[in-house]
Amino acid sequence: MWKSWLQEQWRPKRKAPSLEQLKHHYTVLSRSVQVTESNRPLIVETFRSIAEILIWGDQNDNSVFDFFLEKNMQSFFLRILSQRCGKFVCVQLLQTLNIMYENIKNETSLYYLLSNNHINSIIVHKFDFSDEEILAYYVSFLKTLSFKLNMHTIHFFYNEHLRDFPLYTEAIKFFNHHESMVRIAVRTLTLNVYQVNNAAMLEYIRNKTAAPYFSNLVWFIGSHVIELDECICCQADHLNRSRLEHLVAEHLDHTHYLNDILSLRIDSLNDVLISHTLGRLLLPLYVYSLTIGQFCSKEEKKPYISSIVALFLLSQVFLIIESSPLVTKLAHVILTGQLPPLLQEVDTSKHAEHVFLPPDVTLETKFRQPPAKGYIPAQRTTPTQKRYVTPVNIQVGSDQKEEYLLIGPLDSADEESHDLQQESHDSLQESHDPQLDRYSSYHIRNTCSTTM
């Protein structure tokens, strides 16, 4: 008893979050120019503590965020990531970012964190995705960011001038990952993106990403269907009940995901998805398998499944899918035996017939990020010259107005830390009134604090 009491008394107590503690962490990161074996544990602990302090400051002390942004501390994250910092530093950094963005409740604080475009640089950073733990935290971080999307924050992620949306395009590359939790996170992210009512962003998704993503998606679903059919036909696999149940559950998940997208009633996206789902999956693989010889013969060597499996899967489709255009066309083919008019060709594919074929290009190839695409290094200017303006929508009473958030001046630590995404900021500044440059981050902070 006395021993445990003495241990409790002598145990070092964790310091309570405070502005002074954040200043100490700033000093640590400023001095840690290179990540080494000796300072790696200190950097990991510093990252962990910063998230805790920022969450505390968001709720208790506005000066914490003022200091964090005045010193541009997010730039340290990029500087350390650009080095071979090791798995534990990457994992802790992703954990810190995930916790930080998930728990920040004040919208103005969130705008501050997003305003320097550092977040997009982190998203496109080439992590070692061969490490499952890093990948899991990375995808979880992207999913957390997607829950912060709305009509105001979408401008921090989608660059209309450059036609670039890394949060979305980087995430969908993992839509077919072998780990189910990764796939679920990607689906959640895409649904969160589609729900944002921004015409320019939805147009970009429709014109640039919908066809490659949906063609890859239906190919992935169809491949699982063929695997399910082979499992039933093969006696050895047929006896493996757990494997069969897993494949059936996967098909249910796929069908529910398709229905979730269609239920959002975004006509431009639904047209593309219905065309691919019918023309590349349901007709060639499900319906045509019911009557081999009427629509296609075995000699054509087109993929098909057993008629019993096809009927079972079609019953799931009719039970789950609520989209009238898709269900009507599918029922018309089954009941009349006649093909509907040629579906609208939604991509540049040369295949005009309804055939289950692999996509022309993978998402990894389609959305491969070239080095520093659209981003150029910051010019060597004095810190006082580096000031950037970005629009922020702020709720003031019952009214909503657009203020302009001035970030800077930046200090010498930022000067040496990473390449700022200059062109992205320039595109935002084109529409700004120069007179609004007088607004500082403190002005915005004081404006909001008096109205909340």
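Remember, predicted model here, so these are calculated numbers, not experimental data.

Asker: Residues and numbers for the side chain of T255, please.
Answerer: Structurally, T255 can be placed in helix α15 (residues 241–263). Judged by relative accessible area, which is 5%, T255 ranks as buried. A polar contact is formed between the side chain of T255 and the backbone oxygen of H251, at a distance of 2.8 Å.

Asker: Tell me about the environment of V89, and name the residues and values.
Answerer: Here V89 shows up in helix α6 (residues 87–103). Leaving out residues up to four positions away in the same chain, V89 has contacts with R40, I43, V44, F47 and I80.

Asker: Got a sec to walk through helix α16 (residues 267–287)? Specific residues and values, please.
Answerer: Taking 1.5 Å as the rise per residue, α16 with 21 residues should run 30 Å; its terminal C-alpha atoms sit only 25 Å apart, a clear shortfall. Of all 21 residues making up α16, 18 are buried, and the element is well covered by its neighbours.

Asker: Account for the nonpolar core, naming residues and giving values.
Answerer: Y101, F157, F165, Y194, F214 and Y286 are the most contacted members of the largest nonpolar core, which has 116 residues in total. For this core, the element with the most residues is helix α13 (residues 199–233), which contributes 15 residues.

Asker: Any details on the environment of M151? Residues and values, ideally.
Answerer: Residue position: M151 is located in the loop between α9 (132–146) and α10 (154–157). Along the primary structure M151 and N198 are separated by 47 residues, whereas in three dimensions their C-alpha atoms are 6.3 Å apart.

Asker: Summarise a nonpolar patch on the surface; cite the residues concerned and give the values.
Answerer: Together, F318, I334 and L335 line one region of the surface with nonpolar side chains, adding up to about 290 Å² of accessible area. Residue placement: F318 occurs in helix α17 (residues 307–320).

Asker: Explain unusual backbone geometry to me, and be specific about the residues and the numbers.
Answerer: Positioned with a positive phi, N72 is a non-glycine residue whose angle comes to about 50°. Given the relative accessible area of 4%, N72 is considered buried. Here the phi dihedral of R163 falls at roughly 55°; this positive angle occurs in a residue that is not glycine. By the secondary structure assignment, R163 is in the loop between α10 and α11 (166–171).

Asker: How would you explain the packing of aromatic side chains if you had to name every residue and give the values?
Answerer: In total, this model carries 19 aromatic pairs according to the counting rule given. Relative to F174, the ring of F129 has its centre 5.1 Å away and its plane inclined at 75°; by these criteria the two rings are edge-to-face. In this pair, F129 is assigned in the loop between α8 (118–123) and α9 and F174 in the loop between α11 and α12 (180–194), connecting sequence segments 45 residues apart. The partly exposed category is assigned to F129, whose relative accessible area is 24%. Taken together, a centroid distance of 5.6 Å and an interplanar angle of 40° make the contact between Y213 and F214 tilted. The two residues Y213 and F214 agree in class, both being buried. An aromatic cluster of three or more residues is present, and its members are Y158, F165, Y168, Y194 and Y204. Here the basic side chain of R187 rests over the ring of Y257, its NZ or CZ set 5.7 Å away from the ring centre.

Asker: Can you tell me about the environment of L167, naming the residues and giving the values?
Answerer: Along the chain, the position of L167 falls in helix α11. Taking the C-alpha atoms as reference points, L167 and K143, 24 residues apart in sequence, are found 9.1 Å from one another.

Asker: Break down helix α18 (residues 324–336) for me, with residues and values.
Answerer: Given a rise of 1.5 Å per residue, 13 residues ought to cover 18 Å, and the 18 Å separating the end C-alpha atoms of α18 matches this to within 8%. Of all the positions in α18, only L326, L330 and V333 are classed as buried. When α18 is viewed along its axis, its buried side chains cluster within an angular range of 60° and face the same direction. If you follow the buried residues of α18, they end up packed against α15, α16 and α17. One or two steps after α18, the chain reaches G337, where phi turns positive at roughly 75°.

Definitions and limits used
Residues numbered from 1 in each chain as written. Predicted model: local features only at pLDDT ≥ 70, side-chain atom pairs only at ≥ 80, totals over all residues. Heavy atoms only, no water. Helix = DSSP H or I, 4+ residues; strand = E, 2+ residues; numbered from the N terminus. Buried < 20%, exposed > 50% of the residue type's maximum accessible area, 1.4 Å probe, protein only. Polar contact = N/O pair within 3.5 Å; in protein donor to acceptor, adjacent residues only side chain to side chain. Contact = heavy atoms within 4.5 Å. Expected span 1.5 Å × (residues − 1). Core = buried A, V, L, I, M, F, W, Y, C linked by side-chain atoms within 4.5 Å. Patch = residues over 30% accessible without salt bridge, like charges linked within 9 Å, V, L, I, M, F, W, Y side chains within 5 Å. Areas by Shrake-Rupley, 256 points an atom, 1.4 Å probe, with all protein chains shown as cover. Salt bridge = Lys/Arg side-chain N within 4 Å of Asp/Glu carboxyl O. Phe/Tyr/Trp six-rings, centres within 6.5 Å; stacked < 30°, edge-to-face > 60°. Lys NZ or Arg CZ within 6 Å of the ring centre and 35° of its normal. Arc of directions from axis to C-beta.

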